[in-house]
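The primary structure of each chain is shown beneath.
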Amino acid sequence: MATVMAEAETRQKLLRTVKKEVKQIMEEAVTRKFVHEDSSHIVSFCTAVEACVLHGLKRRAAGFLRSNKIAALFMKVGKSFPPAEEFCRKAQELEQLMETKRSQSLQSQDSLRKMPRLPTLNPPGVRNLWIRTALFEKVLDKIVLFLVENSSKYYEKEAILMDPVDGPILASLLVGPCALEYTKMKTADHFWTDPSADELVQRHRIHSGICRQDSPTKRPALCIQKRHSSSSMDERPSPSPSAREYVESLHQNSRATLLFGKNNVLVQPRDDMEAIPGYLSLHQTADLMTLKWTPNQLMNGSVADLDYERSIYWDYAMTINLEEIVYLHCHQQVDSGGTVVLVSQDGIQRPPLHFPRGGHLLQFLSCLENGLLPHGQLDPPLWSQRGKGKVFPKLRKRVALGSGSTESVSDKEDDEAMDYVFRIIFPNSQSDFGTPPDLMDAGAALWQPTLRKPSCFSCSQGNFSDGAAHKWCNYERTPLKLLCDNMKYQIISRAFYGWLAYCRHLSTVRTHLSALVNHTIVAPDVPSDASAGLTADVWQTFLKDCTAYKEQELLRLVYFGGVDPSLRKEVWPFLLGHYQFGTSEDDRREVDEQVRASYEQTMSEWLACEEVVREREKELHAAALAKCSSGASVDSSSQRMIHHDSTVSNESHSSHSSDRESLARLQSDSSSSTQQQLLDLYTLNLHRIEKDVQRCDRNYWYFTPANLEKLRNVMCSYIWRHLDIGYVQGMCDLLAPLLVILDDEAKAFSCFSKLMKRMNQNFPHGGAMDTHFANMRSLIQILDSELFELMHQNGDYTHFYFCYRWFLLDFKRELVYDDVFAVWETIWAAKYTSSGHFVLFIALALVEVYRDIILENNMDFTDIIKFFNEMAEHHNIKQILTLARDLVCKVQMLIENK
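## Considerations on the overall build of the protein
Move 1: Helices and strands together make up the secondary structure of the protein, namely 37 helices and 15 strands.
Move 2: When burial is assessed residue by residue, the protein has 47% of its 898 residues classed as buried.
Move 3: Partitioning the contacts of the protein with sequence separation of at least 6, the portion at a separation of at least 24 is 71%.
Move 4: A total of about 46,700 Å² of accessible surface is found on the protein, and carbon and sulfur atoms cover 52% of it.

Structure, rendered in C-alpha cells:
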C-alpha cells in the first residue's frame, strides 16, 4: 500500500512540475508577445517533460545500449507514427551538425573561423535537444498523446503515461506550448535585456551597492517637476541601457520629425578644452521641439564597443527643450559660418554652437522658424527675398550724428558681419510671466543689427579691433541694460508665480488627501518605543488590569511592531471587533456563547437546505438517466429547473434574501416560487464555494481535509446570511488566514463577518475599487511624480489595474502566510492610529520599493504585471511596512504644512 501511495505521489509531483512550467511559458507569451527559444522557461519545461516521458519507460523501448533514451524512443515511435518520422530526421540532422562542430573545435583556430556558422545551443539545450526540437516543430503533444494511447507497449504499469487520468492530462497540457510561435531573433545582449524579476532585483542590489542612491523615503513630500527639463552639459542622455537607441533617434523616425541636421558643428564643452565637432539635429514631435548635439565620437562609433556606453563623450552630449529657450543670439563672422547662443528663461546661456561655412546658420534659423509655426514664431521674422529665399532681416540701426541721432535702414552686403538677437514668441498664448509692453517696446533696439563687438561670452574673444569696439561701445549700453532688466524681471516673475502655483497646488493636495489619513500624527517612540510591538508581558498586564494600558496605546504598539505570534489567537478578535477592549472575561465568554448559538442555528438552516438541494439533484440525475435509457423527454418542470440553475444570477434574487429564520418557516411559506428561487440561488453559491474550497491553499500545512470542511462550513454560513451578495471568488482567500489563526469555526465566522464589512466593497458588487485606483493615482502623482510620468508615457497605466488583486485580497496572494498575518494586523490597527486607507500606502510602498528597477528598465504595463507576478511571495515585508508608515507620516505632515 505504501508503495502504491509513493508511486501516486511521484506521478502527481511530475505533473505539478509540468503544469508550473506550462503556466510560466504561457504567461511569458502573453506579457512579452513572444517566447524566445533560449528562454530559461523553455529549458525548464523541456526538462520537466523529459522526466515525465522517461518515467516508467521499459528498457527494451529505449534500447539496451542507447545512452540517449529519448532519441531511441522517438525513433521507435517514428516507425509507426508518420508525424514523428519527419521530426526525427530533423533532430538527427541537428545532432550531426553539432557533432561536426565539436570535432572541428579540436582543429586550429584559423580553420575554425573559416567554418560556416552553425546553430549554437547551451548545455541544457543539448541535453534536451529532441524534446526542444519536437516542441518547436509542434509535434511534441502529438507524440506524447501517441505514447499515452499505446502506453502498454512502451511503459511499465506505474508510469505516469500509463495512468488513465494523468496520462491524458499530460498530453493536453502540451497542446498550448506547441501552439505558440518561438523566435530565434536576439541581440548580443539578449540575456541581459530579457531578465526575470529575481534577476532585476539582484542587478539593482549590485548596482546600488556600488552607486548608492537616495532612498524613496527621502524624497520630498511634494515634487514639482517640469515635464521635460532643459539639458546642459551635466544633463546628458542616459547611455544605459539604450545608447544605440539614442543615436538612432537622432535620425528621422516614426516618433519625431527631423527638421534640421548638420554634422561638424563645433561646441566647446569646457573652458579647459578645445571645441569638438558633433552632429546638431532639430526634432519635432506633436507637443515639443528638441535640439540635440552629439559628439562625432558617438556618431561614428570610434569609441570601442566595450567602452561605448561608458564613454566620457556622453557627458558632453546636449538635449535642449526649445520651449524653455527665449532668445537666440546670432553672431556672424566673415571667416566662419556663424555662431548661435541659446538663452533660456532663467537667463542662463547654453554653450555656443559654431556652424561651418556655407549658410548653415541661416538654414538652421529657417528650419526653426518653420517648425515653430503656426503657434510660434521668431521675432523679428526672417525675410523672404526673391531668388534667395530666407535671408536675415534688414532692420533699423542707430547712427550718431553730432549730439543727436538719426535712424537709417541697414543695406549692408551679405558678407558683412552682423549680430542679431531673435526672440521665440507664441502670440496666441498668454503667459503668466509676461513682460510689460513698455519694457518690450523700449527694448526694440535689441533687434537692430550693429557692427559691434558681441556682448555674449561666446564672442568675447572675436577678432575685432579696439577701435571698432570703442566706436560702438556707447551705443551698446542701452540695449544691454534693457536686456539685463528684462532678464531680471522674468526671473522674479517666474519665481513669484512658481511660488504661487506651488501654494495653490499644495492647498488642493491638502484638501484632496485629508480624507486618506488621520490628522493626528502618532509617533513610534512616544510614550515608549513601539518597535517591539504587542508583547506577551504587555498583553497579560492588560488582561489583568484593563486600566494599565489604553486601547489607543495597544493599537499603537500593534501598528508599529505587530503582534507576538503566540498572542494572535487572543488579540485578533479584539482588533476585528469581535470583543471590545476593556471587557471582562465573563463578558467575552458571553459573547462567544451568543456567537456560537447563532452560528449553529445558521448552520442548521443551510444544512437543511443543502439536504433538499442534494435530494433534488438526485432526482434530476435519475430523470436524466431515464431519458437516456427510454429516449423520452424530461418533463417540463425538471427542464425549467436545470435551465434556471444554470442561468440564475445573484442580483436578480436580492429581494428574496431577507428575513429567513429557518427552513421550516421557508417551507411553510405559501409562495412556492420564493422557495424555489431561494433553493436555486443557494445551489448556485454552494457549487461555487465547494469548487473554491477544494483549491484554497492546498500546499499549506493547515488545510487538511478536516480543516477544509471547517472552511466550507464557515463560508456557507456567511453566504446563507448574505445571499443578496452571494459568493464571489476570493472570499475563501480572506477567510483562510482567520481560520488558521483562530482555529474555531464560530469565532472565525464572527471575525470574518466583521472583516467583510470593509472588504465587501472591493468586490464587483461594490464601488470601492475605482476609489482605490483614483486615490492611488493621486498619491503617486504627488509623492513620486517621476514614476507617475513614466507610467503615463509608457502606455499610460496610471489606471493602476495591476493593483487590483492587492486591494481585493489585502495582499494575501502577494505574501507568504506569516507576512499576511503581519500586514493584516497592521491594517486593522492603522484604522485607529494613522489611516483607514492604509492598504493604499502599502500598495504605494510596494511600488516605491522597486521604483528604481521600474525606472531603470522603463517598464510598461505588461512588464510591471509580469514583474510583480514573479515577485509574489518574495517581498521584504518589514521594509514595505516601514516605508508605508513613512509615507503616511509624509502625507500627514504635508497636510499640516510642516
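Once you've had a look at it, read on.
## Brief notes about the confidence of the model for the protein
Move 1: Looking at the protein, pLDDT values average 78 and 76% of them are 70 or higher.
Move 2: For residues 457-477, every residue scores under 50 in pLDDT, and the model assigns this stretch 22 contacts once sequence neighbours within four places are set aside.
Move 3: Scored below 50 in pLDDT, residues 632-670 makes 52 contacts in the model with residues more than four places away or belonging to other chains.

## A word on helix H29 (residues 745-759)
Move 1: Compared with the 21 Å implied by 1.5 Å per residue over 15 residues, the 20 Å span of H29 between its first and last C-alpha is a close match.
Move 2: Here H29 lies mainly inside the structure; eleven of its 15 residues are buried.
Move 3: Those residues of H29 that fall on the buried side of the exposure criterion are Ala746, Lys747, Ala748, Phe749, Ser750, Cys751, Phe752, Ser753, Leu755, Met756 and Met759.
Move 4: The elements touched by buried residues of H29 are helix H22 (568-576), helix H23 (585-630), helix H27 (705-721), helix H28 (731-742), helix H32 (804-809) and helix H33 (817-833).
Move 5: A side-chain oxygen of the first residue of H29 lies 3.2 Å from the backbone nitrogen of Ala746; this N-cap is Asp744.

## Overview of unusual backbone geometry
Move 1: With an omega dihedral of 5°, the bond running from Asp379 to Pro380 counts as a cis peptide bond.
Move 2: With an omega of 5°, the peptide bond running from Val526 to Pro527 counts as cis.
Move 3: A positive phi is found at Asp697, a non-glycine position, where the angle reads about 50°.
Move 4: Along the polypeptide, Asp697 turns up in the loop between helix H26 (672-694) and H27.
Move 5: You can call Asp697 partly exposed: its relative accessible area is 22%.

## A word on H33
Move 1: Spanning 17 residues, H33 covers 24 Å between terminal C-alpha atoms, matching the ideal 24 Å at 1.5 Å per step.
Move 2: Along H33, 14 of the 17 residues are buried, which leaves the element largely enclosed by surrounding structure.

## Some remarks on the pairing of strand E5 (residues 289-295)
Move 1: Burial analysis of E5 places seven of its seven residues in the buried class, which makes it a mostly covered element.
Move 2: Side chains Met289, Leu291, Trp293 and Pro295 project from E5 onto one buried face, and the interleaved Thr290, Lys292 and Thr294 project onto a second face that is buried too.
Move 3: Where strand E4 (residues 276-284) folds back onto E5 in an antiparallel hairpin, the turn is made up of four residues.
Move 4: Sheet analysis places E5 next to strand E6 (residues 318-321), joined by four bridges and oriented antiparallel. Paired with Trp293 across the bridge in E6 is Met318.

## Re the state of the cysteines
Move 1: Applying the stated criterion across every chain yields a total of zero disulfides.
Move 2: In this structure Cys696 is a free cysteine whose sulfur lies 5.4 Å from that of Cys732, the closest cysteine sulfur available.
Move 3: Under the relative-accessibility criterion, Cys696 is labelled buried at 5%.
Move 4: Left unpaired, Cys716 is separated from the closest cysteine sulfur, that of Cys732, by 8.8 Å.
Move 5: By relative accessible area, which is 0% here, Cys716 ends up buried.

## Quick look at the packing of aromatic side chains
Move 1: The tally for this structure, following the rule as stated, stands at 43 aromatic pairs.
Move 2: Note on Phe392 and Tyr420: the rings are 5.1 Å apart at their centroids and 20° apart in plane angle, and the pair reads as stacked. Here the residue Phe392 occupies a position in the loop between strand E12 (389-391) and strand E13 (396-401), and Tyr420 occupies one in strand E15 (residues 419-425), the gap between them amounting to 28 residues. The two residues Phe392 and Tyr420 agree in class, both being buried.
Move 3: Centre to centre, the rings of Tyr420 and Phe422 are 5.8 Å apart; their planes meet at 20°, and the pair counts as stacked.

## A short note on the pattern of salt bridges
When the charged atoms of two side chains with opposite charge come close together, those side chains can pair.
Move 1: Throughout the structure, instances matching the rule amount to 32 salt bridges.
Move 2: Here Arg11 and Asp166 are joined by a salt bridge, their closest N and O atoms 3.9 Å apart. Of this pair, Arg11 sits in helix H1 (residues 2-32) while Asp166 sits in helix H11 (residues 166-173), placing them 155 residues apart in sequence. Across the pair, exposure class does not vary: Arg11 and Asp166 are buried alike.
Move 3: Of the charged contacts in the structure, one is a salt bridge between Arg423 and Asp379, with a shortest N-O distance of 3.8 Å. Taken together, the residues span a long stretch of sequence, with Arg423 in strand E15 and Asp379 in strand E10 (residues 377-379) at a distance of 44 residues.
Move 4: One continuous salt-bridge network, built from bridges that share partners, spans Glu610, Arg614, Glu617, Glu690, Glu709 and Arg712.

## Quick look at a nonpolar patch on the surface
Move 1: The grouping of Phe496, Tyr497 and Trp499 at the surface amounts to a nonpolar patch, some 340 Å² of accessible area in total.
Move 2: Take Trp499: its relative accessible area is 52%, and that puts it in the exposed class.

## Some points on the environment of Phe749
Move 1: Mapped onto the secondary structure, Phe749 falls in helix H29.
Move 2: Since its relative accessible area comes to 4%, Phe749 is described here as buried.
Move 3: C-alpha separation for the pair Phe749 and Tyr599, spaced 150 residues apart in sequence, amounts to 7.5 Å.

## Some points on the pairing of strand E8 (residues 339-344)
Move 1: Most of E8 is tucked away: six of the six residues are buried.
Move 2: Residue alternation in E8 divides its side chains into two sets, Thr339, Val341 and Val343 and Val340, Leu342 and Ser344, and both sets are buried.
Move 3: As defined by bridge partners, strand E7 (residues 325-331) adjoins E8 across six bridges and the pair is classed as antiparallel. Paired with His329 across the bridge in E8 is Val341.
Move 4: In the sheet, E8 pairs with strand E9 (residues 353-354) via two bridges, with the strands oriented antiparallel. Following the sheet pairing, Val340 is matched in E9 by Leu353.

What counts and how
Residues numbered from 1 in each chain as written. Predicted model: local features only at pLDDT ≥ 70, side-chain atom pairs only at ≥ 80, totals over all residues. Heavy atoms only, no water. Helix = DSSP H or I, 4+ residues; strand = E, 2+ residues; numbered from the N terminus. Buried < 20%, exposed > 50% of the residue type's maximum accessible area, 1.4 Å probe, protein only. Contact = heavy atoms within 4.5 Å. Areas by Shrake-Rupley, 256 points an atom, 1.4 Å probe, with all protein chains shown as cover. pLDDT = per-residue confidence, 0-100. Expected span 1.5 Å × (residues − 1). Polar contact = N/O pair within 3.5 Å; in protein donor to acceptor, adjacent residues only side chain to side chain. Pairing = 2+ DSSP bridges. Disulfide = S-S within 2.5 Å. Phe/Tyr/Trp six-rings, centres within 6.5 Å; stacked < 30°, edge-to-face > 60°. Salt bridge = Lys/Arg side-chain N within 4 Å of Asp/Glu carboxyl O. Patch = residues over 30% accessible without salt bridge, like charges linked within 9 Å, V, L, I, M, F, W, Y side chains within 5 Å.

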